[in-house]
Amino acid sequence: MNPAHRSASTRRIILITALVTFLVTSMAWLGIGGLGYFLMVREEPAFHVTVDHPDTVAVGEEFDLSVLVEGRGGKPLNLGNIDFADGLLDGFEVVSAVPRPGSRTRAFGLTSYYLEPAAKSASRYEFKLRLRARETGFWAGDIDCCTPMGNFLTTHISIDVGFPPAAAGTPEKPAE
C-alpha cells in the first residue's frame, strides 16, 4: 500500500472518529442541561399542604395523621399520589386510609398512595391515615404530595412514641 494512500485513510478515520465523538458528547451535554433545567425551573405545584398529627403518642395508641391539600385560588389540585417516607411509618401499623386510595406501593424508601381521579379535579383534598404506634422511638420523615407530572411539595414531620402511662390504681414501683 502506498504511504500517501495510507495517510489519507488514517486521516479519514480520525476525522470520522472526531465527528462521532463530538456528536455523542454534544447530545450528552444537551441531555444533562435539559435535566438540570427541568429540576431547577420546574413549576411548583399550585397547592399548599397542611399536616395534622399529635407530637407524642404511646405504644398501642391509635391516632389520625391527616394531610390536607388545598389548591391556591380555588384551582383544581391535579394530585396524583401522596408519598410517606418509610422512616416515618416504620414505627407504626397502618390501620386504615380514608378515602381509600386506588393503589399503594412501597419502593425506594417510600410508601406511595395513588389517589382516585377525584383528587385531580377537587380544589381541596384530605387524606387520613389511621395509625397505631408499634414501637417506642422518634419517628420522622417526609410526606410528598405529588402531581402526575412529578412536581411535588414536601412536608417534614416527626412523632415521638413513648411507653403508655401506668394504669390508674397500679402502685408505682418504690424507689430503692
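Read on for an overview of the structure.

Scoring rules and cut-offs
Residues numbered from 1 in each chain as written. Predicted model: local features only at pLDDT ≥ 70, side-chain atom pairs only at ≥ 80, totals over all residues. Heavy atoms only, no water. Phe/Tyr/Trp six-rings, centres within 6.5 Å; stacked < 30°, edge-to-face > 60°. Helix = DSSP H or I, 4+ residues; strand = E, 2+ residues; numbered from the N terminus. Disulfide = S-S within 2.5 Å. Pairing = 2+ DSSP bridges. Axes fitted to C-alpha atoms, helices over the stretch in contact; angles between N-to-C directions. Patch = residues over 30% accessible without salt bridge, like charges linked within 9 Å, V, L, I, M, F, W, Y side chains within 5 Å. Areas by Shrake-Rupley, 256 points an atom, 1.4 Å probe, with all protein chains shown as cover. Salt bridge = Lys/Arg side-chain N within 4 Å of Asp/Glu carboxyl O. Buried < 20%, exposed > 50% of the residue type's maximum accessible area, 1.4 Å probe, protein only.

### Concerning the packing of aromatic side chains
- Tallied over the entire structure, the rule returns four aromatic pairs.
- Look at Phe84 and Tyr113: their rings are 5.8 Å apart centre to centre, the planes differ by 85 degrees, and that puts the pair in the edge-to-face class. Residue Phe84 is located in strand β4 (residues 81-85), and its partner Tyr113 is located in strand β7 (residues 110-114); the two are separated by 29 residues in the primary sequence.
- An angle of 35 degrees between the planes, with centres 6.4 Å apart, marks the rings of Phe84 and Phe127 as tilted. Within this pair, whereas Phe84 is found in strand β4, its partner Phe127 is found in strand β8 (residues 124-133), the two being separated by 43 residues in sequence.
- Through successive ring pairs, a cluster of aromatic residues spans Phe84, Tyr113 and Phe127.

### Notes on the state of the cysteines
- Taken as a whole, this structure holds zero disulfides when the rule is applied.
- Here Cys146 is not disulfide-linked; the sulfur of Cys145 is the nearest cysteine sulfur, at 7.0 Å.

### Section: the sheet that holds strand β5 (residues 92-98)
- If you walk across this open sheet you meet the four strands as β1-β3-β8-β5, and the pairing is antiparallel. The sheet terminates laterally at β1 (47-52) and β5, the two strands that pair on one side only. Ignoring which end each strand starts from, the neighbouring axes of this sheet average 20 degrees apart.
- Pairing of β5 with β8, which is carried by six bridges, proceeds in the antiparallel orientation. Across the sheet, residue Ala97 finds its bridge partner in β8, namely Leu129.

### Concerning a nonpolar patch on the surface
- On the surface, Ile16, Val20 and Val24 cluster together into a nonpolar patch covering about 260 Å² of accessible area.
- Note that Val24 resides in helix α1 (residues 3-41).

### Considerations on the pattern of salt bridges
- Under the criterion given, the structure shown has seven salt bridges.
- Its salt-bridge partner being Arg132, residue Glu62 comes within 2.3 Å of it at the nearest N-O pair. With a gap of 70 residues between them, Glu62 in strand β3 (residues 62-71) and Arg132 in strand β8 connect regions that are remote in the sequence.
- Assessed through its relative accessible area of 26%, Arg132 is described here as partly exposed.
- Across the pair Arg130 and Asp64 runs a salt bridge, and its minimum N-O distance is 3.3 Å. Of this pair, Arg130 sits in strand β8 while Asp64 sits in strand β3; the two residues are 66 residues apart in sequence, bridging distant segments of the chain.
- Residue classification places Asp64 among the partly exposed residues on the basis of a relative accessible area of 33%.
- Through salt bridges with shared partners, one network takes in Glu62, Asp64, Glu93, Arg130 and Arg132.

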